[in-house]
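# Per-entry structural report
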Amino acid sequence: MVQVVVERADGRGSGWVRVGGELHLARFPAHLPEGARFPARVEAAGPPVVLRLEPPQQDPTAALFRTPAQPLPEASRTLAAVPDAPPELSSLLDRLAGFFSGRPTAGTFLRLLGLWTRQSGVFHEAALARGASPDDLKALALGLLSRVPDGELSRSLEALVRHVAVAQGRSLAEGVPVLPLVLPWGDRWVAGALRWGGGRRGRGKGAGGHLSVSLDLPRLGPTEIRVGWGQVGVSVRIALEPERVPDVAERLAELGDALTRAAGVRVVTLAAVSREPRRPDPAGAVLEIVA
């Protein structure tokens, strides 16, 4: 086994790598970025020397970010379908229904978003640290788990708590609040995440902030909407799969008019762009040292 570091990559499948402290010219998969560092196993002494990249050691904190098998929309549907729910469970279900039922309008969306931010459970431990008694979804779900028997309901409650815990871990790792999100979309719910990118208070030139919403939409697929605001107005950037960009781009003017009419904001920038492609997993890739 040897350690391989990609020192320079030309983007076409060749470049310089460092193996055992020495620089070598090599051919390797084009998706490997500069700075990539992987253990590798020698498969042939060459020439050329052939190395097979091994998966990097599992980060011990990775389990903290592993989402449960039951998706958040499915867990929410299970909770909403419980017959003859006890009063304490009805309280949780009413909150879920109040946020997830119907199609929010531009006028109600911000109110619902604020409610969800406060009651999502992501700030549960922060409230406890202040000596407060959090009245959020995590508190309700944890309380219910101690009262219900094992079964489909308890598994959905555990999944809900786990989704919130993963969002809390991501919030700490990214340094900004990350909230799990479910939105009504036609006759189904779609899952995603909301990231508050911070903001600058005040009335001066530097006042503003931004947030982003990531959703897996039925027709558009993985989509990220980034909204920035400041003294001059609002900017919206929609990142989609490349083949979906034209579909959205031709409706940007209509979307801008709707934002102006419904929310009363000045839209400064509105753009549809391609999402950055996910890099393939380098594990198992072959690297050849040619010089």
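Source: prediction; values computed, not measured.

### Here's the deal with the overall build of the protein chain
- If you tally the helices and strands in the protein chain, you get eight helices and twelve strands.
- In the protein chain, buried positions account for 34% of the 291 residues.
- In the protein chain, the proportion of contacts linking residues at least 24 apart, taken out of those at least 6 apart, comes to 49%.
- For the protein chain, the accessible area works out to roughly 17100 Å², and carbon and sulfur atoms hold 54% of it.

### Describing the layout of surface pockets
- The volume enclosed by the second largest pocket comes to roughly 320 Å³.
- As for the second largest pocket, its lining consists of 16 residues, and the residues nearest its centre are T67, R170, P180, G192 and A193.
- Residue classes in the lining of the second largest pocket are distributed as ten nonpolar, four polar and two charged.

### Here we look at helix α6 (residues 152-174)
- Here α6 contains 23 residues, and its C-alpha end-to-end distance of 33 Å stays within 8% of the 33 Å for a straight helix at 1.5 Å per residue.
- Of the residues one or two after α6, G175 is the one with positive phi, at around 80°.

### What to know about the pattern of salt bridges
- According to the stated counting rule, one finds seven salt bridges in the structure shown.
- A salt bridge links R27 to E288, with the shortest nitrogen-to-oxygen separation between them at 2.6 Å. Here E288 lies in strand β12 (residues 286-289) and R27 lies in strand β3 (residues 22-27), a separation of 261 residues in the sequence.
- On the accessibility criterion, E288 (24% relative accessible area) is partly exposed.
- Salt-bridge contacts for R244 lead to D247; the nearest nitrogen and oxygen are separated by 3.9 Å.

### So, the packing of helix α5 (residues 137-145) against α6
- The N-to-C vectors of α5 and α6 enclose an angle of 145°; their axes lie 9 Å apart at closest approach. For α5 against α6, the interelement crossing comes out left-handed. For the pair α5 and α6, the contacting residues are K138, A141, L142, L144 and L145 in the first and S154, L157, E158, L160, V161, V164 and Q168 in the second.

### Notes on the pairing of strand β9 (residues 221-230)
- Two elements, strand β8 (residues 208-217) and β9, share ten bridges in a ladder whose sense is antiparallel. By the bridge assignment, S214 is partnered in β9 with E224.
- Counted along the chain from β8 to the antiparallel partner β9, the turn is three residues long.
- Relative to strand β10 (residues 233-240), β9 is paired through seven bridges, and the arrangement is antiparallel. Across the sheet, the residue bridging to V227 is V236, located in β10.

Procedures and definitions
Residues numbered from 1 in each chain as written. Predicted model: local features only at pLDDT ≥ 70, side-chain atom pairs only at ≥ 80, totals over all residues. Heavy atoms only, no water. Helix = DSSP H or I, 4+ residues; strand = E, 2+ residues; numbered from the N terminus. Buried < 20%, exposed > 50% of the residue type's maximum accessible area, 1.4 Å probe, protein only. Contact = heavy atoms within 4.5 Å. Areas by Shrake-Rupley, 256 points an atom, 1.4 Å probe, with all protein chains shown as cover. 1 Å grid on protein atoms, 1.4 Å probe; cavity = no way out; pocket = protein on both sides within 12 Å on 5 of 7 lines; lining within 4 Å. Points joined across faces, edges and corners; volume = space filled by probe spheres on them. Nonpolar A, V, L, I, M, F, W, Y, C, P; charged D, E, K, R; others polar. Expected span 1.5 Å × (residues − 1). Salt bridge = Lys/Arg side-chain N within 4 Å of Asp/Glu carboxyl O. Axes fitted to C-alpha atoms, helices over the stretch in contact; angles between N-to-C directions. Left-handed = near helix turned anticlockwise from the far one by under 90°. Pairing = 2+ DSSP bridges.

Without other data, these values stay purely geometric and don't point to any function.
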